[in-house]
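The primary structure of each chain is shown beneath.
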Amino acid sequence: MAELTIHGTYFSSKDPNHVQAVQDALIMIDSKGIIARILHRKDPEYAKQLQVARQQERLVELGADQYLLPGFVDLHVHAPQWPQAGLALDLPLAKWLNHYTFPLEAKLSDPTYAQKVYQDFVHNLLANGTTAALMFGTIHFSANMILAKESVKQGLRGFVGQVVMDNPSTSPEYYRNSSAQAALSSTEKFIHAVRDLQTQSGQTIEPVITPRFVPSCTDEALFGLGRLAHQYDLPVQSHLSESNWEHGYAIERFGQRDTEVMDHFGLLTKRAVMAHGTQLTKDDWRILRERHSAIAHCPISNIYFGNGVLPVKQLLALHNQLGLGSDISGGYTPSLFHNARQAVKSSQQLTDGVDNQLPAEKRGVAGSRITMANAFYLATRGGAAALGLKTGVIQAGYAADLQVVKMHRALMPLSTADIFQRLMYQTEQTDIETVFVNGQPVYQRN
Ligand SMILES: Nc1nc2[nH]cnc2c(=O)[nH]1
């Protein structure tokens, strides 16, 4: 018997290029929070199951203007930067880090402040339809545990990284690990503490190996983190060739590209997610493919710090693994609806180019435009695959991580394909009505 049945129209990603739309379906969720069955109108059992669920008051009936989507997977987000979302984005990356971000992150050493920030942050992710997130914390063990516990408490599927930054030449004294050894032993303590939390709670909460980025870390720290990633079979997250500056830094320090350096230290695993990658070469794409490491595309943030546009279309065609990240606060919003829109817009600009003083055919990279179906794939199925989660699609056997969204009033008849576009382009936080993780409501708009 289904524990909960949702009756309504849903959209789910079939593959990187196609979206499935099913009208008036019955999505039957079992007591473990898994989608057990999906019945369509023509199914012989449909009418009976609908009636039973209604009688037993286990039915969520969507209204005529409500639709069901999978919950989103935010594949790159900095939890401690939430208080500065939308600030200082007109600075270059290195200045933004030194003048705004590091001083803010340092404040998370205060557990009272960490509790206040993380409670609000997790709530806002859920309120924006995000049901799983790969998060950077700070260098502080206690604050990172507060983030992990808050994720469990509010029902977010959380992947939490204790940031390592021990390089004195790029990290300020007030905010850096005292040594590589200290960073590694604190990381190991964090791994055990989060694993204990996972066992106690039975929820998705995982520690993540998190070298901030190559410039922040000494060789000893990078080497040690690579070893821990393999020893504990953990996800890895970092930034990779995000900007001209970062890309150039690796070449200057190691005589190798950022990707080669990460690979050298064993950090490109099949559980690795590397953010941005706007400056990656085709050789880097190949290395990432061979290692089955994913890229978190952060299109809003890339406008400010990326010095270029990630060629999503080409990477999908090559079967590189991709998902979507908000990169709070390099990106100003936690909404993956907004990020999906920007992914499509940026890809159009990549196609056309932007310098109108050049002849039209020399301005851009032809054939780079992605569709909203591509962007939706990144925000759902692609991100879930990168984290090894059986979520991100509305399909029997997958966890019921879902969002109910309300469409703005239509003044003309719309096809289901139109409705999908309208939802993806116009949904704001206030249009998200209920969010489920594992079949349980974790957010309800009042
Ligand atoms: N966007 C972004 N890039 C980084 N590179 C190193 N740290 C950061 C960060 O916090 N945000």
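Above this text is the structure in question.
What counts and what doesn't
Residues numbered from 1 in each chain as written. Predicted model: local features only at pLDDT ≥ 70, side-chain atom pairs only at ≥ 80, totals over all residues. Heavy atoms only, no water. Pairing = 2+ DSSP bridges. Helix = DSSP H or I, 4+ residues; strand = E, 2+ residues; numbered from the N terminus. Near = heavy atom within 4 Å. Polar contact = N/O pair within 3.5 Å; in protein donor to acceptor, adjacent residues only side chain to side chain. Areas by Shrake-Rupley, 256 points an atom, 1.4 Å probe, with all protein chains shown as cover. Axes fitted to C-alpha atoms, helices over the stretch in contact; angles between N-to-C directions. Parallel < 35°, antiparallel > 145°, perpendicular 65-115°, else oblique. Left-handed = near helix turned anticlockwise from the far one by under 90°. Contact = heavy atoms within 4.5 Å. Nonpolar A, V, L, I, M, F, W, Y, C, P; charged D, E, K, R; others polar. 1 Å grid on protein atoms, 1.4 Å probe; cavity = no way out; pocket = protein on both sides within 12 Å on 5 of 7 lines; lining within 4 Å. Points joined across faces, edges and corners; volume = space filled by probe spheres on them. Salt bridge = Lys/Arg side-chain N within 4 Å of Asp/Glu carboxyl O. Buried < 20%, exposed > 50% of the residue type's maximum accessible area, 1.4 Å probe, protein only. Core = buried A, V, L, I, M, F, W, Y, C linked by side-chain atoms within 4.5 Å. Patch = residues over 30% accessible without salt bridge, like charges linked within 9 Å, V, L, I, M, F, W, Y side chains within 5 Å.

1. Details of the pairing of strand β16 (residues 440-444)
Step number 1: In terms of strand pairing, strand β15 (residues 432-437) meets β16 through four bridges, oriented antiparallel. Bridge pairing links Val435 to Tyr443 in β16.
Step number 2: With antiparallel pairing between neighbouring strands as the criterion, β15 and β16 make up a hairpin whose turn holds two residues, including Asn438 at a positive phi of roughly 55°.

2. As for the site of the ligand
Step number 1: Around the ligand sit His78, Gln81, Leu93, Trp96, Leu97, Arg212, Phe213, His239, Glu242, His276 and Asp327, and that is every residue in its neighbourhood.
Step number 2: For the ligand, an oxygen atom lies 2.9 Å from a polar atom in the side chain of Gln81.
Step number 3: One of the side-chain N or O atoms of Asp327 is found 2.9 Å from a nitrogen atom in the ligand.
Step number 4: Its free accessible area being 280 Å², the ligand has 100% of it covered by the protein chains.

3. A short note on the packing of helix α12 (residues 336-352) against helix α14 (residues 372-386)
Working note: a packed helix pair is described by the angle between its axes plus the distance between those axes.
Step number 1: One way to put it is that α12 packs onto α14 with a least axis distance of 9 Å and a crossing angle of 135°. Taken together, the axes of α12 and α14 lie oblique to each other. Regarding α12 and α14, the two cross each other, and that crossing is right-handed. Residues Leu336, Ala340, Arg341, Ala343 and Val344 of α12 form the contact with α14, whose own contacting residues are Met372, Ala375 and Ala379.
Step number 2: For the contact of α12 with α14, a count of residues per class yields seven nonpolar, no polar and one charged.

4. Brief notes about empty space enclosed by the protein
Step number 1: This structure, assessed with the given rule, holds one cavity of 30 Å³ or more.
Step number 2: When residues in the lining of the largest cavity are grouped by element, the largest group, three residues, is from helix α2 (residues 93-106).

5. A closer look at the pattern of salt bridges
Step number 1: According to the stated counting rule, one finds 13 salt bridges in the structure shown.
Step number 2: Here Arg54 and Glu61 are joined by a salt bridge, their closest N and O atoms 2.7 Å apart.
Step number 3: A relative accessible area of 44% means that Arg54 is categorised as partly exposed.
Step number 4: Put simply, Arg291 and Asp263 hold a salt bridge, and the shortest N to O gap is 2.7 Å. Here Arg291 is found in helix α9 (residues 282-291), whereas its partner Asp263 is found in helix α8 (residues 258-264), with 28 residues between them in sequence.
Step number 5: Residue Arg291 is classed as partly exposed on the basis of its relative accessible area, which comes to 32%.
Step number 6: In the salt-bridge network here, residues are joined through shared partners; they are Arg257, Glu260 and Asp284.

6. Notes on the nonpolar core
Step number 1: Core analysis: the biggest nonpolar cluster contains 90 residues, and Tyr118, Phe121 and Ile209 have the highest contact counts within it.
Step number 2: Apart from the residues within four sequence positions on either side, Phe121 is in contact with Val77, Ala79, Trp82, Met135 and Leu147.
Step number 3: Val22, Ala25, Ile27 and Ile394 belong to the second largest nonpolar core, which has 16 residues in total.

7. Let's talk about a nonpolar patch on the surface
Step number 1: A contiguous nonpolar patch, built from Ile303, Tyr304 and Tyr332 and spanning about 280 Å² of accessible area, is present on the exposed surface.
Step number 2: Along the chain, Tyr304 falls in helix α10 (residues 299-305).
Step number 3: In this structure Tyr304 comes out as partly exposed when scored by relative accessible area, which is 33%.

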